[in-house]
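Residue-level listing of the chains:
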Amino acid sequence: MRSHVREDLVSTLRAESAVYNEIEKARHEQARQSALMIADQPSLKALMSTNDRLTVEDGSESILRSSHSDLLILENVSGNLLAFHSASNDLPASALTQLMKGSSGEEDWWFAGDIFTT
């Protein structure tokens, strides 16, 4: 009986893990598509072309609200931070800059303050 219960539990956990992985893949793809849509906005492209931190910071504040995101980071091609907006006041830009310096690829994840970012 114990063996049967164990096998059933293992089978259930594997099935649930597969479902979770599929949901996580879909969530990741949705986040990637949202980021691409935001980046493709002509108004944002024009704003970023100024390469002026104060201009980009001020002009991009509404994007965070309209995207229903918790975090918006805009950087130029050199990797310099041009804008940082957070739904939480617990995440200072200086901490984020340090986290981003440690990133090695196109995407990374952090848990800082009350925000989990990818």
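First, a word on what this report is: a plain description of the structure on this page. (Residues numbered from 1 in each chain as written. Predicted model: local features only at pLDDT ≥ 70, side-chain atom pairs only at ≥ 80, totals over all residues. Heavy atoms only, no water.)

A word on the overall build of the protein. When you go through the protein residue by residue, the secondary structure sums to five helices and four strands. Ordered by position from N to C terminus, the α and β elements of the protein give α-α-α-α-β-β-α-β-β. By sequence separation, contacts in the protein at least 24 residues apart represent 33% of the contacts at least 6 residues apart. Put simply, the protein shows about 8,900 Å² of open surface, and 53% of that area lies on carbon and sulfur atoms. (Helix = DSSP H or I, 4+ residues; strand = E, 2+ residues; numbered from the N terminus. Contact = heavy atoms within 4.5 Å. Areas by Shrake-Rupley, 256 points an atom, 1.4 Å probe, with all protein chains shown as cover.)

A few words on the side chain of S60. Here S60 is to be found in the loop between α3 (53–59) and α4 (61–67). Among the polar contacts made by the side chain of S60, one reaches the main-chain carbonyl oxygen of V56 at a distance of 2.6 Å. Reaching out from S60, the side chain makes a polar contact with the backbone oxygen of E57 at a distance of 3.5 Å. Those residues in contact with S60 that sit more than four places away from it in its chain are L47, L72, L74, A83 and H85. (Polar contact = N/O pair within 3.5 Å; in protein donor to acceptor, adjacent residues only side chain to side chain.)

Phi is positive for N51, close to 55°, though the residue is something other than glycine. Looking at the secondary structure, you find N51 in the loop between α2 (42–49) and α3. A residue is classified by how much of its surface remains accessible, and N51, at 44% relative accessible area, is partly exposed. Positive phi values are uncommon outside glycine, yet H68 reaches one of about 55°. If you trace the backbone, H68 turns up in the loop between α4 and β1 (71–75). When its relative accessible area of 72% is taken as the criterion, H68 is described as exposed. (Buried < 20%, exposed > 50% of the residue type's maximum accessible area, 1.4 Å probe, protein only.)

Grouped together as the largest cluster of nonpolar side chains are 10 residues: I38, L44, L47, V56, I63, L64, L72, L74, L82 and A83. Elements with a contribution of two residues or more to this core: α2, α4, β1 and β2 (81–86). Not counting chain neighbours up to four residues away, the residues in contact with A83 comprise V56, E57, S60, L72, I73 and L74. (Core = buried A, V, L, I, M, F, W, Y, C linked by side-chain atoms within 4.5 Å.)

A word on the side chain of H85. Along the chain, the position of H85 falls in strand β2. Look at H85 and you get buried, because its relative accessible area is 8%. Within polar-contact distance, the side chain of H85 engages the backbone oxygen of E57 at 3.1 Å. Once residues lying within four places of it in the same chain are set aside, the contact partners of H85 are E57, S60, E61, L64, D70, L71 and L72.

Before going further, it helps to examine the pattern of salt bridges. Charged atoms that come close allow side chains of opposite charge to pair. A full pass over the atoms with the stated rule returns four salt bridges. Of the charged contacts in the structure, one is a salt bridge between K45 and D40, with a shortest N-O distance of 3.0 Å. Assessed through its relative accessible area of 46%, K45 is described here as partly exposed. (Salt bridge = Lys/Arg side-chain N within 4 Å of Asp/Glu carboxyl O.)

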